[in-house]
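Notes for the structure review
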Amino acid sequence: MCMAKTDWERVVEFHGHSCPGLAVGYRVAKIALRELAEHRAKDEELVAIVENDACGVDAIQLLTGCTLGKGNLIYRDYGKHVFTFICRDSRKAVRISVRGGVWRQDEAGYRELRAKVFGGTASPQERELFRRHQEERTRYILEAPEEEFCVVRHTTMEPPPRARIFNSVTCAFCGEPVAEARARVREGKFACIPCAGEYSRGW
Ligand SMILES: [Zn+2]
Ligand SMILES: [Zn+2]
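Model, not experiment: these values are computed from the prediction. (Residues numbered from 1 in each chain as written. Chains lettered and ligands numbered in written order. Predicted model: local features only at pLDDT ≥ 70, side-chain atom pairs only at ≥ 80, totals over all residues. Heavy atoms only, no water.)

Leftover empty space is mapped by rolling, across the atoms, a probe with the size of a water molecule. As a volume, the largest pocket reaches approximately 200 Å³. In terms of lining, the largest pocket is formed by 15 residues, of which the most central are Cys19, Pro20, Gly21, Cys55 and Gln134. Of all the secondary-structure elements, those providing two or more residues to the lining of the largest pocket are helix H2 (20-36), helix H4 (110-119) and helix H5 (124-143). Considering only residue class, the lining of the largest pocket consists of eight nonpolar, five polar and two charged. Each pocket or cavity is described by its volume, and for the second largest pocket that value is around 150 Å³. (1 Å grid on protein atoms, 1.4 Å probe; cavity = no way out; pocket = protein on both sides within 12 Å on 5 of 7 lines; lining within 4 Å. Points joined across faces, edges and corners; volume = space filled by probe spheres on them. Helix = DSSP H or I, 4+ residues; strand = E, 2+ residues; numbered from the N terminus. Nonpolar A, V, L, I, M, F, W, Y, C, P; charged D, E, K, R; others polar.)

Right, dumping it as structure tokens:
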């Protein structure tokens, strides 16, 4: 008998493992789709603005169809678990801010255990303890009451411009084509960013 996979199983398969971060993205995607359903015609494009590049973004890409490759997933490197979804035509948007408490990082010994596991110094027992801890946190995130999980705010906003296709120029240093919008100039010639050796004073 062939059983259809649940959405959770599909995201775990896509991401490669089950983890608390993935559970956050799964819940956020489900809330966004539910909240914007009435404003969203079948073909109307949804845009997601994600303020981190953690595990959860994989669930968002798979479940909402907002993907990096299509250009309707915008990444802002703010290090926040805030996700905004905008319907392109109606401009209706929903901003979902995940509450800090859902990570349960303050539980006794958790941070030390995590440091050991990621530092490669944990014993097999400690690794098993960490795995169980992660499983518990994942389950909690999937099942917590919504008010405990996040703050949802409806708003309207201007969607970001659609993805554009740029002409290319050839980098004079490596010979590879680079989109005009990303080309730099080095010694008076076109350069790609890796070849440009960008000048920075660190801010
Ligand atoms: Zn993960
Ligand atoms: Zn180059």
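So much for the structure itself; the text now carries on.
All right, on to the coordination of the zinc ion (ligand 1) then. Taken together, the protein ligands of the zinc ion (ligand 1) are His15 (NE2), His17 (NE2), Cys19 (SG) and Cys55 (SG), with distances of 2.1 to 2.3 Å. Coordination at the zinc ion (ligand 1) is irregular, judged from the four donor atoms that bind it and the angles of 89 to 145 degrees they form at the metal. Within one chain, the residues serving as donors to the zinc ion (ligand 1) are arranged as H-x1-H-x1-C-x35-C. According to the relative accessible area criterion, Cys19 is buried, its value standing at 9%. (Donors = N, O, S within 2.8 Å, 3.2 Å for Na, K, Ca; no water. Tetrahedral: all angles 85-135°; square planar, octahedral: opposite > 155°, others 65-115°. Buried < 20%, exposed > 50% of the residue type's maximum accessible area, 1.4 Å probe, protein only.)

Bringing the coordination of the zinc ion (ligand 2) into the picture now. Each protein donor to the zinc ion (ligand 2) is listed here as Cys171 (SG), Cys174 (SG), Cys192 (SG) and Cys195 (SG); together their distances run 2.3 to 2.4 Å. Angles of 100 to 118 degrees at the metal separate the four donor atoms of the zinc ion (ligand 2), which places the site in the tetrahedral class. Binding-site remark: the zinc ion (ligand 2) is held by donors from one chain whose sequence spacing is C-x2-C-x17-C-x2-C. Judged by its relative accessible area of 19%, Cys195 is buried.

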